[in-house]
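Notes for the structure review
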Amino acid sequence: MRLLVATQNQGKVAEYQNLLAGLDCEIVGLGDIGLGDLDVDETGTTFEANALIKARAYAQASNMITLSDDSGIVVDALNGEPGIYSARYGGPGLDNAGRRQLLLSNLLGVPDEKRTAHFACVIAVVDPQTGAEYTAYGQVDGHIMTEERGTSGFGYDPVFRPLGDTRTFGQMDSSEKDPISHRGVAAQQLPAILKQIEAD
Ligand code: IMP
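Now for a description of the structure that goes with this document. (Residues numbered from 1 in each chain as written. Predicted model: local features only at pLDDT ≥ 70, side-chain atom pairs only at ≥ 80, totals over all residues. Heavy atoms only, no water.)

**Considering the site of the ligand**
The environment of the ligand is formed by 14 residues, the closest being Lys12, Ser71, Asp157, Lys177 and Arg183. Take aspartate 157: an N or O atom from its side chain is 2.7 Å from a nitrogen atom of the ligand. In the complex, 88% of the free accessible area of the ligand, which totals 490 Å², lies under the protein chains. Secondary-structure elements contributing two or more residues to the shell around the ligand are β3 (66-75) and α5 (182-187). Looking at which element gives the most residues to the shell around the ligand, the answer is β3, with three residues. Of the residues that constitute the shell around the ligand, the class distribution is four nonpolar, five polar and five charged. (Near = heavy atom within 4 Å. Polar contact = N/O pair within 3.5 Å; in protein donor to acceptor, adjacent residues only side chain to side chain. Areas by Shrake-Rupley, 256 points an atom, 1.4 Å probe, with all protein chains shown as cover. Helix = DSSP H or I, 4+ residues; strand = E, 2+ residues; numbered from the N terminus. Nonpolar A, V, L, I, M, F, W, Y, C, P; charged D, E, K, R; others polar.)

As structure tokens, then:
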């Protein structure tokens, strides 16, 4: 099976290549099929809606079985913010480091037991031939630190400590983070979904 991993983020294409290694599946990126410039607006109000919006749009444009995902960090003391707006938290002027600092400053004075948060990820797979749509959800629970620790990973990794560990995701390498991460947990459901699509 050829599977389009529809993301502008080359890091994610590589991550899915790792996660799906061992399956009889050729992973193709948007750039490989000349769709590198096609942007799709995330107009949904949930991770699931946004993952499906992207998977449907790229499946239609490519006529290929297409995977898209949507993810973010949900902070309880901030009523679930930044959530689906994680990549845009604080507006277009901020980079990843600026977004992390904004999060830490919005939690200033909040005690550790109230700094609970989770990363969430929904992976959507759409088959344009049959119209079949599947989604998989993954979540990892943890706490937001009071300061950054570690430089690995991306986004909010240096300020997120998963439950049961003393280190942040920023202090783990990908072989430690991937099996327990929201994206890794969702991806564990992909072999069954792809098998089902083949049988549809
Ligand atoms: P998207 O899923 O590409 O829309 O990205 C959502 C945003 O959530 C990213 O830009 C990051 O800021 C954040 N995010 C999602 N997953 C992770 C992760 O595994 N580590 C750190 N930040 C993440």
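So much for the structure itself; the text now carries on.
**Thoughts on the packing of aromatic side chains**
Tallied over the full model, the rule gives three aromatic pairs. Ring geometry for phenylalanine 119 and phenylalanine 169: centres 6.0 Å apart, planes at 10°, overall stacked. With phenylalanine 119 in strand β4 (residues 116-126) and phenylalanine 169 in the loop between β6 (160-162) and α4 (174-177), the pair connects residues that are 50 residues apart, well separated along the chain. Aromatic side chains phenylalanine 160 and phenylalanine 169 sit 5.3 Å apart centroid to centroid with 50° between the ring planes, which places their arrangement in the tilted category. Taken individually, phenylalanine 160 and phenylalanine 169 each receive the classification buried, so the pair is uniform in this respect. Among the aromatic residues, those joined into a ring-pair cluster are Phe119, Phe160 and Phe169. (Phe/Tyr/Trp six-rings, centres within 6.5 Å; stacked < 30°, edge-to-face > 60°. Buried < 20%, exposed > 50% of the residue type's maximum accessible area, 1.4 Å probe, protein only.)

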